[in-house]
Amino acid sequence: SFADVSAVSGFDLPGDGRGLALTDWDHDGDLDVWLSNRSAPRAQFLQNKIPDVNAQWVAFRLEGDPSKQCPRDAIGSQVELVIAGSSQRRVKTLHAGDGLMSQSSKWLHFGLGDRMEIESVRVRWAGGTSETFSGVEVGKRWHLKQGTQLAKPAPLRTPATIEAAPLELPSPTEVARIRLSQPLKIPELSYQDF
């Protein structure tokens, strides 16, 4: 049996969700969520406000070199973090799309926990070449350009803010209702609530 815990996570929304995109919208080092819905509201923003003063992070924006068979936006490239004093590796691949009706940011964001230092960053570019970048510090956004072996701090931008607003749902109407030609029977489900 299952228990519905969506209210605890904040994802117990009435919209008919279709797509989900992750991005650090407010540039505070944690990932926020954009949702797209089939019904109203069409777009929703969930800001991550969970404070964790010890949490470390780092983010990368890749720029490929087309003359080396890698697209400029570096889709298909892979970033591997080598953690100092550890055998741990963190790996992420840059995708062109990762959801229905949505796409997450092209920034590759790594949550690192607490007290982690990065020894080096290895990039396997989409064209087949590899490159190592050093001097990367946690808590910053970095621009990695193919062929330079130099990690440059990304320019700081003013964080965009969105004011919270109450969720106002339209009144139910038969006009907007989509009926199935053959209603489906719902199986009997059991669950345990709190």
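Residues numbered from 1 in each chain as written. Predicted model: local features only at pLDDT ≥ 70, side-chain atom pairs only at ≥ 80, totals over all residues. Heavy atoms only, no water.

## Some thoughts on the pattern of salt bridges
Where charged atoms of side chains with opposite charge meet at close range, the side chains can pair.
Next, step 1: Enumeration over the complete set of coordinates arrives at eight salt bridges.
Next, step 2: For R141, the salt bridge goes to D24, with nearest N and O atoms at 3.8 Å. Taken together, the residues R141 in strand β10 (residues 141–145) and D24 in the loop between β1 (17–23) and β2 (32–37) connect sequence positions 117 residues apart. In this pair, the class of R141 matches that of D24, namely buried. (Salt bridge = Lys/Arg side-chain N within 4 Å of Asp/Glu carboxyl O. Helix = DSSP H or I, 4+ residues; strand = E, 2+ residues; numbered from the N terminus. Buried < 20%, exposed > 50% of the residue type's maximum accessible area, 1.4 Å probe, protein only.)

## Topic: the sheet that holds strand β5 (residues 78–83)
Next, step 1: With respect to topology, four strands assemble into an open sheet ordered β6-β5-β8-β9, the strand pairing being antiparallel. Bordering the open sheet on either side are β6 (89–93) and β9 (130–133), each of which pairs with just one other strand. Averaged over neighbouring strand pairs, the angle between their axes works out to 20 degrees when direction is ignored.
Next, step 2: The pairing of strand β8 (residues 118–124) with β9 spans four bridges and is antiparallel. Looking across to β9, one finds that R122 is bridged to T132. (Pairing = 2+ DSSP bridges. Axes fitted to C-alpha atoms, helices over the stretch in contact; angles between N-to-C directions.)

## With respect to unusual backbone geometry
A negative phi angle is the norm for most residues apart from glycine, just as the trans form is the norm for most peptide bonds.
Next, step 1: Phi angles above zero are rare outside glycine, and A74 is one such case at about 60 degrees.
Next, step 2: Mapped onto the secondary structure, A74 falls in the loop between β4 (56–63) and β5.
Next, step 3: For A74, a relative accessible area of 0% corresponds to the buried category.
Next, step 4: In this model, Q149 sits at a positive phi of 55 degrees, which is unusual for a non-glycine residue.
Next, step 5: Looking at the secondary structure, you find Q149 in the loop between β10 and β11 (151–153).

## A closer look at the sheet that holds β1
Next, step 1: Pairing is antiparallel across the open sheet formed by three strands, whose spatial order is β1-β2-β3. Taken across any chain shown, the strands that pair with only one partner, and hence form the sheet edges, are β1 and β3 (43–46). Going across the sheet, the axis of each strand differs from the next one's by a mean of 20 degrees, ignoring polarity.
Next, step 2: As paired elements, β1 and β2 share six bridges and run antiparallel to each other. Residue pairing in the sheet places L22 in a bridge with V33 of β2.

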